[in-house]
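Given next are the chains, with one letter for each unit.
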Amino acid sequence: MTDRNSEEAVKNLTVIRSGNGTLREDQLFLNTTIAQALSGIFVWSALLITCHQIYMHLRSYTVPNEQRYIIRILFIVPIYAFDSWLSLLFISNGQYYVYFDSVRDCYEAFVIYNFLSLSFEYLGGESAIMLEIRGKPIRSSCMYGTCCLVGMSYSIGFLRFCKQATLQFCVIKPIMAVFTILLQAFGKYHDGDFSVTGGYLYITIIYNFSVSLALYALFLFYFATSDLLRPYEPVLKFLTIKSVIFLSFWQGMILAILERCGVIPEALVIDGHHVGAGTVAAGWQNFIICIEMFFAAIALRYAFTFTVYQEKKSEIPDNSAPMQSISSGLKETISPHDMVQDAIHNFSPAYQQYTQQSTQEVVQPSQNGRVGPGTTSKWSKKNDKIMLISSDDEF
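Everything numeric in this text was worked out from a predicted model, so none of it was measured.

Draft legend 1. Spatial organisation of the UniProt feature "transmembrane region" (unreviewed entry) in the protein. Mapped onto this numbering, the UniProt entry gives "transmembrane region" (unreviewed entry) at residues 28–49, 69–91, 165–187, 199–223, 235–258 and 284–304. Overall, residues 284–304 shows 95% helix and 0% strand. The separation of its end C-alpha atoms is 29 Å.

Draft legend 2. Highlighting helix 7 (residues 156–185). Over its 30 residues, helix 7 runs 44 Å from end to end, which matches the ideal 44 Å to within 8%, given 1.5 Å per residue. At the exit of helix 7 stands Gly187, carrying a positive phi of roughly 70°.

Draft legend 3. Up close: the layout of surface pockets. Its boundaries defined by the atoms lining it, the largest pocket holds a volume of some 240 Å³. As for the largest pocket, its lining consists of 14 residues, and the residues nearest its centre are Tyr122, Tyr232, Lys237, Val308 and Tyr309. Sorting the residues of the lining of the largest pocket by element identifies helix 3 (64–74), helix 10 (279–303) and helix 11 (307–314) as the ones contributing at least two each. Looking at which element gives the most residues to the lining of the largest pocket, the answer is helix 11, with three residues. Taken together, the residues of the lining of the largest pocket break down into nine nonpolar, one polar and four charged.

Draft legend 4. Inspection of helix 6 (residues 126–133) at higher detail. In terms of residue burial, helix 6 counts as a mostly covered element, since six of its eight residues are buried. Inspection of helix 6 places Glu126, Ser127, Ala128, Ile129, Met130 and Ile133 among the buried residues, and these make up the whole buried set. Just past helix 6, the residue Gly135 takes up positive phi, approximately 90°.

Draft legend 5. Expanded view of empty space enclosed by the protein. Per the counting criterion, the structure on display carries two cavities of 30 Å³ or more. A volume near 500 Å³ is recorded for the largest cavity. Contributing to the lining of the largest cavity are 28 residues, with Arg104, Asp105, Lys173, Tyr189 and Asp191 lying nearest its centre. For the lining of the largest cavity, the secondary structure elements donating two or more residues are helix 5 (96–122), helix 7, helix 8 (200–229), helix 9 (234–260) and helix 10.

Draft legend 6. Examining the environment of Phe304 more closely. Here Phe304 is to be found in the loop between helix 10 and helix 11. Take Phe304: its relative accessible area is 1%, and that puts it in the buried class. Taking the C-alpha atoms as reference points, Phe304 and Ile73, separated by 231 residues in sequence, lie 9.2 Å from one another. With residues near it in sequence (within four places) discarded, Phe304 still touches Gln53, His57, Ile70, Ile73, Leu74, Phe115, Leu118 and Lys237.

Conventions used here
Residues numbered from 1 in each chain as written. Predicted model: local features only at pLDDT ≥ 70, side-chain atom pairs only at ≥ 80, totals over all residues. Heavy atoms only, no water. UniProt positions renumbered as here; feature names shortened; annotations may be inferred. Helix = DSSP H or I, 4+ residues; strand = E, 2+ residues; numbered from the N terminus. Expected span 1.5 Å × (residues − 1). 1 Å grid on protein atoms, 1.4 Å probe; cavity = no way out; pocket = protein on both sides within 12 Å on 5 of 7 lines; lining within 4 Å. Points joined across faces, edges and corners; volume = space filled by probe spheres on them. Nonpolar A, V, L, I, M, F, W, Y, C, P; charged D, E, K, R; others polar. Buried < 20%, exposed > 50% of the residue type's maximum accessible area, 1.4 Å probe, protein only. Contact = heavy atoms within 4.5 Å.

Okay, here's the thing in structure tokens:
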């Protein structure tokens, strides 16, 4: 009986290194049933809210070109929340959280791209946007980060920069995730370890530059089209996406620094398992994200409401073609084909020949081969759009 009790004591042992360097046995809150249950309540509540919202969008899949991006954005809540909860549950199993968090971090790059693409779709595509902003001078403002663009005007190159800046994050983030896993496997990666011999410093610098560039491009696009986007209430959408992605990154970095400085005690052993540096900081990051995702789910429910698409569905006449099934709509949503094609076009040297337009105005000629009365303006407008995209402007 004594041997069994000793084994249980070793199994439940948690060794903490305090700020003054002393070791002590302590109860780690993150590894308690209370912490795991509390985070689980917030996580599953967030999952129910968001999954219901996704389901309602799929039921009223009336504008696929918009709702495809919206559903992809909404998936950030289930992925972030459930991934963080799993990381918290397996906090004592080595550094498994690195593998879980890599999946979560890769998806955030996908979300930034989809949010920009959704904004393009709201405004009718690149052609329609250029008709509105082309040639207008960029307002110089240190507050909004446009002071370095003084004397410049909006062009097709500006839109290309916005797309390229978001797409580069979609490429760099997965690469950094792979490097993180490889370095962690060889013991060269620890959260909060800014040593020049470790990988955390370099990955953090690259990642910070990449995500900052992507969000800066997103902000520049919003700054240029805020008046055009006003009917779509972009402020809540923009702030929610930016908070989830950008603030969560700095939140995790600050927690890692606090553990490194001794403000957050560093755990050496949790439940009898040796853990690496940064485990407690990552645990607190995951615990906080579990709670934050509940509020993010509520914010996203208001930001990307499905009621407007339900109203459009009710306006469809009875003799119209049947809507796509939920499964086919979901299949279209999760397919990355459009992002791959967009990346090829935006990084292609022949970009000026590429037109991204959400709605093509097709004008049928009359029987005598000429454009009928009342259609001249539409035909001219379409030609103007093509000429705008075909121009070789640079940003």
